[in-house]
Amino acid sequence: MTSVLAVRLKTWVVFFIGTGDGQVIKLAMDKNFRTRCPEALYKANDDRLLFSKMYLDPVDSKHVFAAISNQLRRVPVAQCEKHLGQEHCWAAMDPYCGWCPSLKSCSFEDVCPGLWLSVPEDLSQRDVVSHVLEENHRKLNLTVWTHMRAGGTGKLSNFSCHFSSGGKELCGADLEERYPQCTCTFSSSRLPVEGLNVKVLIRVEGGKLEDEVTLVEEVKLTDCSAVTAPCGQCIAAGCGWRNNSCSWAQAGGKNALCPTHETETDILPEIFNVTPNVVSFYGKNHVLLAGRNLRLATGVRIKRDGDCSYKESPVWNNTGHNLTFHVPGGDKGAVKLCLVVPGGGCHGTASIALRSSPSCRLLTPPTTWFGGGRTIRVSGSNLKFAEGFVHNHLPQNISLPLNCSAEVLYYRTPPAGHTHGTFTSEVSLRVANQTLPCQSGLRYLPNPKFTSFIVTSPGQVNIQKEADDLDIKISELEIFACQGNAKYKCILDPLKNRSGSNYITCDIQNDPNIKVNSMQITFGDVTETLTPGLSSLFLVGVLVMLLIPFIVLAVVCIYRYKQRKLTEEMNKCMEDLEMDVRNRIRQGFVDLQTEKMELMENVGAIPFLDYKHFASRIFFPEGGNVMMSCIQDLGQVEKVEQDEGCSALSGLIREKVFLTSLVHALEQQKSFTIKDKCVVASLLTVVLQRDLSFLTEVMEELLEDLMEATRSSQPKLMLRRTESIVEKLLSNWMSICLYGFLREGVGHPLFLLLGALQQQISKGPVDSVTEKALYTLNEDWLLWQEEDFNTLKLQVLFAVGADGELSEPLEVQALSCDTVDQVKAKILAAFQAKFGFFYNTSLRDAHIEFERNGAFVALEEVDETSEVLGEVTMLNTLRHYKVPDGALMKVLSRRIQAPLSSQGSVKDDQNFSVKYFHLIDPEVEVDQRRNPERKKLKLKEVHLTKLLSTKVAVHSYVENLFRAIWGAPQGRAPPPIKYFFDFLDAQAAILKISDPDVLHIWKTNSLPLRFWVNILKNPQFVFDVEKTPHLDGCLTVIAQAFMDSFSLSDMQLGKHAPTNKLLYAKDIPQFKQEVKSYYKQVHDQQPISSAQFKDFLLEESKKHENEFNESAALRELFKFVRRYLPEINQMLEQNGAPAGLKEQLQHVASLFDKLKSCSWS
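Residues numbered from 1 in each chain as written. Predicted model: local features only at pLDDT ≥ 70, side-chain atom pairs only at ≥ 80, totals over all residues. Heavy atoms only, no water.

J.: Any chance you could break down the overall build of the protein chain for me, citing the residues and the numbers?
T.: Within the protein chain, the regular secondary structure consists of 24 helices and 56 strands. When the 1161 residues of the protein chain are sorted by exposure, 46% land in the buried category. Restricting to contacts in the protein chain with at least 6 residues of sequence separation, those with at least 24 account for 65%. A total accessible area of about 60000 Å² is found for the protein chain, and carbon and sulfur atoms account for 52% of it. (Helix = DSSP H or I, 4+ residues; strand = E, 2+ residues; numbered from the N terminus. Buried < 20%, exposed > 50% of the residue type's maximum accessible area, 1.4 Å probe, protein only. Contact = heavy atoms within 4.5 Å. Areas by Shrake-Rupley, 256 points an atom, 1.4 Å probe, with all protein chains shown as cover.)

As C-alpha cells, this is what we get:
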C-alpha cells in the first residue's frame, strides 16, 4: 500500500487505496466497521507504483486523482451504470450507487431527479429483502423486511405489501404495514406438511408517478417441527438446527450451519505445487497442478484474500497425480487455491500471484517472407506470461514461443496464406483468452529470390540473389550442395559474407571435389532448389562488353549536338532580352519627357458627406451598432426627450470633477483596452456636442495631466499614438472644429487629387484581378508584367427609351488589354462626364456588343473561347475579341435584353483571384511555343520610371492640396488651430520646456498627424466615394510625403531606400520651409481671446445641434460606468470630490437599474 484516501459518505467511510503494483482499490466500511468486498477501480498494465498522495475531485466528488509514474489518472469512484437492473444494483453493495425508478437505471444520488433507493447501511444485511417465520399460539407470523435506504430529491409517500399463495390472498385483515417491514399473520393450519409457497409483492412509491419500485420475494415455508431429515436437509428447508433436531428456533436463519459435513471422506486430495505460480492478471490457460489423491477433485476454487466470493474452474487431464485447469483473470495480488470434491468440500491449499500484463514493444527484424518460419525476436516486459502470438491475417493460428525471459521472447512467423502482394500484419500477444496488440507490426515481403549459382573454385560456391528489403542473415540460411541423390552441407563463412548482400559464398564440407548439379537452400519453412546459370551470365557479360564502345560514341555525339544547339538558343535569347530592355527603357524616358497635363479639372459638384456622417466615421471608424445607434435619423427640428436616467447622467457628466475622475479611473484599469478608450472618448464627444466649450475645458485639463506625466520621461512622444482617452478626444475635437475649414478650403483640392489619381491610373493597363496598374505611385501596386497595348477610340451607342432606340455615338477611349468589365466602366464614366448624370443602368446590369461584319457580337468576361492555362482562365479582353480602333459598340441593359446573356459577374465567385487571371500570368506550366510573348524576361526595375511619370502628372494637385492645408486664408489660420497652438505654447512655458523641437513635435502630432493624415488616407470620411486598395496605396505615399514635410530630421537616402521616400525626396526640403513659415505665421498671429473662441465654439455647437442621439450615447456610456463603479467611487474620494457627487452617481445607477427592471417586466 502506497497511499490512502478516506471519504465519508453519510454513514459509510470509503477508503481508496493505492498499491505498489499500480492499482486503486476501493474498500467501503459501514457504521459497525464491517467492510464490503474490495473492488479494484484501476489497475496499470505494468508494475508502476502509485505515488503517496490521492485527491478527491473537488468539482463533482465522483473521481479521485491518482499519480502514477509521469501520469495523473482521474479514476471514477464508482461505475453505477454497469449494474443492469435493480437486483444487480443492490447486490453490488456500493454506497455510491442506488436504483433510480424515474430513470430506470442504477445511478449516483445527485443524478436521480426523484426517489433514490440505495443499499442497506448495515453490511450484515446482505439481502435487500429478508424474512422470518415465527410460531405463536397456533398462529404463524411471517415478517418481511426491506433493507433499502430511501434518498434523493423525492420523498417516500407509500409503502405496501401483498402476500399470496396459490393465487389467493394469505393474510386478509391480519396485515401490518410499516416501512421498512410488513407482518402477515395466518393460522398454522394453512401450513401443510409438504410446505407452502408464498409470493410477497412489496411496492415502494415516491411523490411522483414514475417514482415506484416493486419487489417480488418467493418464500418457501416449512413446518420445521415436523422435519425429521438430517441437518443438511433441515437447513435447506429454511429451518434451524438445534440440539440435534430441526426446530423453529432459528427459522429463517440464512447463516445456520451444520456441525460437520456429512459428505466428507477420509481420503482427501493434497496439492504439492502449481506451475506456473506467477501469471498475468488476465489469467492463464493450461496451468499444471501436481498433488496426491487428485481423482476426487471436480474443480479448482480460486479466492483472493478479502474477496466476498470465489471463482471455480473445471479440471481436465486428471491423472490422479497431475491435472490442468484455467486461472481466470482478476485483480493484481495473490490468490489461494483449493480442490473441490463432491459434496462441496474444498481441500488442499496453494497460491498463485497475479502480476502485470505483458507488453510487446519491438519486433526484430521488422520483416518476414511469405513462406513464413522466420524467427522474430520480441522485446518488451513480462513476456514470460505470453502464451503465444496471433497475426491478424491468420487470427486462428497461434504461434507458440520458442524460448522466453521477462524481456525477450522468440517465435516463428506463420505463412502469408492466400494474401497476394506486400502487406503489414498486426501482431498481438495471446494471454489467456485475451489478445494484446504489439506497438509495431510485421511487414510481409516476397520470398528471397536466389537466381543461380557458380562453382568458383573446388569446394566453393557463389550463389546469386536478387536485392530485397528482407535483410536476411546468413544464420537464417541452410544450404546443401547436391550431386545426384547425395547432399553435402555447404558451410557459410561469416568472414566471406555480409548480411543483406546480393551474393552468398559457401564452402562444401567433407568432399570439396564433387560435381555440383544443384543447390538446396532452406530459409524458415521454405526450401528452394537452384540449377547452375553460368552460360547465360557469360553471354550477357560478353554482349555488354561489345556494346559499350558504341554506346559511349553515340552519347558523345548527341551531347556535342545538344550543346551547340543550346548555345545558339541562349545567344538568341540574350539578344532578344537586350533589345526588349533597351526599348522599354527608351519608352519610359520618352513618356517621362512628353507627359502632358491632360487630366480633367472640371469635376462638377463635389459629393461631400453631411456633418453627421463625417463625424460618425471619424468618431467610430470601425462602425458597428454603437455608431448606428448614435446617428439614427432623429430629425433636425424636433428634440427627443431623454428619460430620467439619461438626464441625470448627462448632468453628472457636466461636472468637471466627476468627468476628470471618471477618465482617470477608467484609464487605470488593466481590463480597459485602447479600443474601449476610443469608444468612451467618442461617446463623450457625442454627449457634449451641444456644449463644446465645456468639452474644451475638460480636454485642456486632461492634456495638462498628460503633459505633467510625460515631461520627465519622453515629452517628444506625447500625442504620437492614441493610447489615452484625451488623445482620442483631441482627434474628435479637431474634426468638429475644422469641419468648416475642411469643406470650404481643403475639400476642393483633395477631390481634384482623387480624380487626377484615378484618371492617371486608368490611363494605362490595370490588372482586373490584382488591381495592379502600370501608372501608380506605390511600388507594391506597380504592374511590371504588362504586355504591349494600344489605345482604341470606340464609338459607343446607348439604348434609350422603352423601344431600344439608340443615341448618337459617344467617343470613348479604351485599351486593347482592357477586360469587358473595364471597358463598361470606362464607357459609363465617359457618359457621366459628358452629360453630368449617371446612365440609367448600373455596371452590373450593363451589356455591351460590338459590330463585326454588319452584325453585333456580345462581349463577356468569360465564355467558351476564353484562354485556359492549367486550371486558371484568362479574362477576355478587346484584343481577344479582335476589336479594332474606331469600332462601333452598343450598350444595352440586361434587364431589358435578358435573353442575350444570363451570366452574372465573375467577381461574385469567392475564388475569383484563384480561378481567373488577366495581365499577370498564373504560376502554371504552359506551352511557350503557343505564346512566345510569355517567354520574355520581365524586370520590375525597368518600369520604375512609371512611378515618376505618375508623380509628375499629379504633382500640381499634391502641391495645391498641401498649400491649402498649411495655408492661411487672409493671413489668419483657423481659430481652433491658433487657439490650440497657443495652448501648447503656454503649457511649454509653464513646464519650463525650452527645447523648440518639443513644441514643434507637439503641434505636428496634434494637427497634421492626428487630423490631416487621417483625412488624406481616408477620403471616404469626407466624400461619398469608394476607396479601392490601389487608391489607398497611392494615398499612403502622399500621406508619407506630407508627414516628412513636418519632420525635423534630414533624410539620408541611398540606392536601397524605399521608392516612396525617393519619389518626393527633392520636394521635401521646399515643403519643410513652407511648414516652418506656416508655424511661424500662426505663432505671430494675434492671439484669440477666450471669449472670442467661446463664441466660435457656441456657433459650431448650434450648427450641429440634434445631429446625434445623445440618449443612446449616454446609455452606452453608462455600461462602462456600471462596469467600473467601485473604481470610480474610489477615484472621487482620492480627488476630494464633494459627497453630493457620489450620491448623484448612486442615484444615476439606481435609475438605470430601475429602467432595466422595467424593460424586463
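J.: Account for the sheet that holds strand 17 (residues 181–187), with residues named and values stated.
T.: If you trace the 4 strands from one edge of the open sheet to the other, you get 11-12-17-16, paired in antiparallel fashion. Each edge of the sheet is formed by a strand with only one pairing partner; in this case those strands are strand 11 (129–136) and strand 16 (175–178). Ignoring which end each strand starts from, the neighbouring axes of this sheet average 15° apart. Summarising the sheet, strand 16 and strand 17 pair through 4 bridges and their orientation is antiparallel. For E176, the partnering residue across the bridge sits in strand 17 and is T183. (Pairing = 2+ DSSP bridges. Axes fitted to C-alpha atoms, helices over the stretch in contact; angles between N-to-C directions.)

J.: Can you lay out the pairing of strand 42 (residues 460–465) for me, pointing to particular residues and giving the numbers?
T.: With 5 of 6 residues buried, strand 42 lies mostly within the body of the structure. Looking at chain direction, strand 41 (residues 450–457) and strand 42 are connected through 6 bridges and run antiparallel. If you follow F453 over to strand 42, its bridge partner there is I463. The antiparallel hairpin formed by strand 41 and strand 42 contains 2 residues in its connecting segment, where G459 sits at a positive phi of about 85°.

J.: Hey, could you go over helix 15 (residues 975–990) for me, with residue numbers and the actual values?
T.: Taking 1.5 Å of rise per residue, 16 residues should cover 22 Å, and helix 15 covers 23 Å from first to last C-alpha, within 8% of that figure. P976, I977, K978, Y979, F980, F981, F983, L984, D985, Q987 and A988 are the residues of helix 15 that are buried. The elements touched by buried residues of helix 15 are helix 9 (692–710), helix 10 (725–737), helix 16 (996–1006), helix 20 (1068–1084) and helix 21 (1090–1103). Positive phi appears at K992, one or two residues downstream of helix 15, with a value of about 60°. (Expected span 1.5 Å × (residues − 1).)

J.: Could you give an account of the packing of aromatic side chains, with specific residues and numbers?
T.: The way to describe two aromatic rings as a pair is by their centre distance and the angle between their planes. Applying the stated rule across the entire model yields 36 aromatic pairs. Taking 6.0 Å as the distance between ring centres and 90° as the angle between the ring planes, the aromatic pair formed by F672 and F1120 counts as edge-to-face. Of this pair, F672 sits in the loop between helix 7 (656–667) and helix 8 (674–687) while F1120 sits in helix 22 (residues 1110–1123), and the two are 448 residues apart along the sequence. F1120 matches F672 in its accessibility class, with the two residues each being buried. Both rings, one in Y1078 and one in Y1079, keep their centres 6.0 Å apart while their planes meet at 40°; by these two values the pair is tilted. Residue classification places Y1079 among the buried residues on the basis of a relative accessible area of 8%. (Phe/Tyr/Trp six-rings, centres within 6.5 Å; stacked < 30°, edge-to-face > 60°.)

J.: An account of unusual backbone geometry is needed here, citing residue identities and associated values.
T.: Negative phi values dominate among residues other than glycine, just as trans dominates among peptide bonds. In this structure, the amide linkage connecting Y179 to the following residue, P180, adopts the cis form with an omega of 15°. Cis geometry marks the peptide bond from T275 to P276; its omega dihedral reads -5°. Tracing the backbone through its elements, the reader meets P276 in the loop between strand 22 (270–275) and strand 23 (278–280). Even without being glycine, K10 reaches a positive phi, approximately 55°. In this fold, K10 is placed in the loop between strand 1 (3–9) and strand 2 (12–18). Judged by relative accessible area, which is 44%, K10 ranks as partly exposed. The backbone phi angle of D471 is positive, close to 50°, even though this residue is not glycine.

J.: Report on the sheet that holds strand 6 (residues 63–68), specifying residues and quantitative values.
T.: Reading across the sheet, the 3 strands line up as 5-6-7 and stay open at both edges, with antiparallel pairing between neighbours. Of all strands in the sheet, those bounded by a partner on one side alone are strand 5 (50–56) and strand 7 (71–76). Taken pair by pair, the neighbouring strands of this sheet meet at an average axis angle of 25°, ignoring direction. Pairing analysis gives 6 bridges linking strand 6 to strand 7, with the strands arranged antiparallel. Bridged to A67 within strand 7 is L72.

J.: Give a detailed account of the nonpolar core, specifying residues and quantitative values.
T.: Counting 134 residues, the largest nonpolar core has I653, W733, F980 and F1042 as its most contacted members. In terms of residues, this core owes the most to one element, helix 11 (residues 739–762), which gives 12 residues. Leave out the neighbours within four places in its chain, and W733 touches L695, T696, M699, P976, F980, F1093 and L1097. Listed in part, the 56 residues of the second largest apolar core include C80, F159, V204 and L221. (Core = buried A, V, L, I, M, F, W, Y, C linked by side-chain atoms within 4.5 Å.)

J.: Describe the side chain of N382, listing the residues and the values that go with them.
T.: With respect to the secondary-structure elements, N382 resides in the loop between strand 32 (375–381) and strand 33 (388–391). Apart from the residues within four sequence positions on either side, N382 is in contact with S356, S357, P358 and A406.

J.: Report on the environment of H391, specifying residues and quantitative values.
T.: With respect to the helices, strands and loops of the structure, H391 is situated in strand 33. Take H391: its relative accessible area is 1%, and that puts it in the buried class. When the C-alpha atoms of H391 and E426 are compared, they prove to be 5.7 Å apart, with 35 residues separating the residues in sequence. If near-sequence neighbours (up to four positions away) are discounted, H391 is found in contact with Y411, P414, S425, E426, V427, L442 and Y444. At a separation of 3.1 Å, a polar atom in the side chain of H391 contacts the side chain of S425. (Polar contact = N/O pair within 3.5 Å; in protein donor to acceptor, adjacent residues only side chain to side chain.)

J.: Lay out the packing of helix 16 against helix 17 (residues 1008–1017) in plain terms, naming residues and giving numbers.
T.: Closest axis-to-axis distance for the helix 16/helix 17 pair is 4 Å, and the angle between their directions is 35°. Only P1008, L1009 and R1010 of helix 17 make contact with helix 16, whose side of the interface consists of K1003, T1004, N1005 and S1006. For the contact of helix 16 with helix 17, the per-class residue count stands at 2 nonpolar, 3 polar and 2 charged. (Nonpolar A, V, L, I, M, F, W, Y, C, P; charged D, E, K, R; others polar.)

J.: Talk me through a nonpolar patch on the surface; I want residue IDs and the actual numbers.
T.: Side chains of V544, M545, I548, V552 and V556 sit close together on the surface and give an oily, nonpolar patch of about 430 Å² of accessible area. Judged by relative accessible area, which is 41%, V556 ranks as partly exposed. (Patch = residues over 30% accessible without salt bridge, like charges linked within 9 Å, V, L, I, M, F, W, Y side chains within 5 Å. Salt bridge = Lys/Arg side-chain N within 4 Å of Asp/Glu carboxyl O.)

J.: Explain the pattern of salt bridges residue by residue, including any values.
T.: Per the stated rule, a full pass over the model turns up 40 salt bridges. R374 is the salt-bridge partner of E476, the closest N and O atoms lying 2.7 Å from each other. One end of the pair, E476, is in the loop between strand 42 and strand 43 (477–483); the other, R374, is in the loop between strand 31 (367–369) and strand 32, with 102 residues separating them in the sequence. The pair formed by E476 and R374 is uniform in burial state, with each residue classed as buried. In this structure, K1061 engages D1044 in a salt bridge whose closest nitrogen and oxygen atoms are separated by 3.3 Å. With K1061 in helix 19 (residues 1059–1063) and D1044 in helix 18 (residues 1029–1044), this pair connects stretches of sequence that are 17 residues apart. A relative accessible area of 9% means that D1044 is categorised as buried. The network of salt bridges with common partners includes K26, E39, K82 and D94.

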